[in-house]
Amino acid sequence: HRRFDYRPKSDPYCQARYTFCPTGSAIPVMKDKDVIEVYRLQTPVWEFKYGDLLGHLKIMHDAVGFKSSLTGKNYTMEWYELFQLGNCTFPHLRPGMDAPFWCNQGAACFYEGIDDAHWKENGTLVLVTTISGTMFNEMAKWVKYDNETGIYYETWTVQASPDKQSIVWFDSYECSKFIQRTYQKLADLGAVFRKMQTNYTSIILFSGEPIYLGNETSIFGEVGNKTLAAAIRDFYAPFKPHRTVKEFFVDFLKIINRVILHGQFYLFYNLEYWFLPMKYPYLKIIYEEVPLPVGNRTSFGA
């Protein structure tokens, strides 16, 4: 996943149903001698609206919590889409614009408090390590760097087969990856994690070797590939929001026909388009263990 030099301003066209990070605050500077508890937080996606519904499918959202021993204050830190998951996964086809329009930024959100009921009722709230105030402050510097340079949400992991040793063509970049990076940074700073099982959700597409197609300019520009541009727009059209049940089912059949029967998928990754020759089992949601890290001071140079 590519790092960028800066975060661009969001286009006013991109609108979120739910405000991003509504109670967000700056990350505080902790006193060096503080002892801070670090908590693993996990709950079903959209638990606030649908309860445990998506938890049955193991579609989970991850975050990390902190508690200061000196002040007694709790904090939550997470990373998620600025404009909800659908906008990060599929683009808008705007009238008068040839290229698909993406609202796919993601960012870190930090705020005071841990909503115990939200995380505990259908999910997880468990202590994973303790760190010093010095380590917390170093982590905060890294979060700033990570947030300013890793700016685009990516829903899909793309790999060659369901085998554990399979080639991963593209890795996802979402909430769980941010939490794993945070844990690794803390381990590199000296944190020692408790021994426990930690699982994360991945949504995987299965594909043969991807074919590079180009970027927005080379495909949709004045001297672009009109045939390819039309094919990409046609592929994304059925993924638009639907006003009626009938409209949804008609477009759902188009998606099945294109992705499964014809084995075609167009992926937008690092501002470039790729063609995925899809293959069985096409898509899978997994809830897989990723062990808590051990320190490696060379992992993050930033």
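As a reminder, the structure under discussion sits directly above these lines.
A brief look at the structure comes next. (Residues numbered from 1 in each chain as written. Predicted model: local features only at pLDDT ≥ 70, side-chain atom pairs only at ≥ 80, totals over all residues. Heavy atoms only, no water.)

With that settled, consider the layout of surface pockets. Volume-wise, the second largest pocket comes out at about 330 Å³. Taken together, 17 residues form the lining of the second largest pocket, with Phe-101, Trp-102, Asn-104, Tyr-152 and Leu-271 sitting closest to its centre. Split into classes, the residues belonging to the lining of the second largest pocket amount to eleven nonpolar, three polar and three charged. (1 Å grid on protein atoms, 1.4 Å probe; cavity = no way out; pocket = protein on both sides within 12 Å on 5 of 7 lines; lining within 4 Å. Points joined across faces, edges and corners; volume = space filled by probe spheres on them. Nonpolar A, V, L, I, M, F, W, Y, C, P; charged D, E, K, R; others polar.)

Right, let's get into the packing of helix 4 (residues 133–149) against helix 5 (residues 175–188). Contact pair helix 4 / helix 5: the axes reach a minimum separation of 10 Å and the direction vectors enclose 140°. It follows that helix 4 is oblique to helix 5 by the angle criterion. Both helix 4 and helix 5 take part in a crossing whose hand is right-handed. The residues of helix 5 that touch helix 4, namely those facing Met-135, Met-139, Trp-142, Val-143 and Asp-146, are Phe-178, Arg-181, Thr-182, Lys-185 and Leu-186. Broken down by class, the residue content of the contact of helix 4 with helix 5 amounts to six nonpolar, one polar and three charged. (Axes fitted to C-alpha atoms, helices over the stretch in contact; angles between N-to-C directions. Helix = DSSP H or I, 4+ residues; strand = E, 2+ residues; numbered from the N terminus. Parallel < 35°, antiparallel > 145°, perpendicular 65-115°, else oblique. Left-handed = near helix turned anticlockwise from the far one by under 90°. Contact = heavy atoms within 4.5 Å.)

With 14 residues, helix 5 ought to run about 20 Å at 1.5 Å a step, and its terminal C-alpha atoms sit 20 Å apart, in line with that. Within the span of helix 5, buried status applies to Cys-175, Ser-176, Lys-177, Phe-178, Ile-179, Arg-181, Thr-182, Tyr-183, Lys-185, Leu-186, Ala-187 and Asp-188. Phi turns positive one or two residues past the end of helix 5, at Gly-190, with a value near 120°. (Expected span 1.5 Å × (residues − 1). Buried < 20%, exposed > 50% of the residue type's maximum accessible area, 1.4 Å probe, protein only.)

Here the focus is the packing of aromatic side chains. All chains considered together, the criterion is met by 27 aromatic pairs. Both rings, one in Tyr-75 and one in Phe-110, keep their centres 5.4 Å apart while their planes meet at 25°; by these two values the pair is stacked. Of the two residues, Tyr-75 sits in strand 3 (residues 74–81) while Phe-110 sits in strand 4 (residues 106–112), which places them 35 residues apart along the sequence. Classification of Phe-110 by relative accessible area gives buried; the value is 6%. Where Phe-235 meets Phe-239, the ring centres are 5.4 Å apart and the plane angle is 50°; that geometry is what we call tilted. Taken together, the ring pairs in this structure connect Phe-90, Trp-102, Trp-156, Phe-220, Phe-235, Tyr-236, Phe-239, Phe-265, Tyr-266, Phe-268, Tyr-273 and Phe-275 into an aromatic cluster. Positioned above the aromatic ring of Tyr-200, the side-chain terminus of Arg-40 is 5.0 Å from the ring centre. In this structure, Arg-94 is placed above the aromatic ring of Tyr-13, and the distance from its NZ or CZ to the ring centre is 3.7 Å. (Phe/Tyr/Trp six-rings, centres within 6.5 Å; stacked < 30°, edge-to-face > 60°. Lys NZ or Arg CZ within 6 Å of the ring centre and 35° of its normal.)

With that settled, the discussion passes to the sheet that holds strand 3. Backbone-to-backbone hydrogen bonds join strands into a sheet, with any given pair of strands oriented parallel or antiparallel. Overall, antiparallel pairing links the five strands, which are arranged 4-3-2-1-5 in an open sheet. The two strands at the open ends of the sheet, each matched to only one other strand, are strand 4 and strand 5 (124–132). Geometrically, the sheet is characterised by an average inter-axis angle of 25° between neighbouring strands, direction not taken into account. Relative to strand 5, strand 1 (residues 35–44) is paired through eight bridges, and the arrangement is antiparallel. Residue pairing for strand 5: Leu-41 is matched across the bridge by Leu-125. Set on the sheet, helix 4 makes contact with strand 1, strand 2 (60–68), strand 3, strand 4 and strand 5; between it and strand 5 the angle comes to about 110°. Of the strands in this sheet, strand 1, strand 2, strand 3, strand 4 and strand 5 are in contact with helix 5, which crosses strand 2 at around 35°. (Pairing = 2+ DSSP bridges.)

On their own, these measurements won't tell you what the molecule is for.
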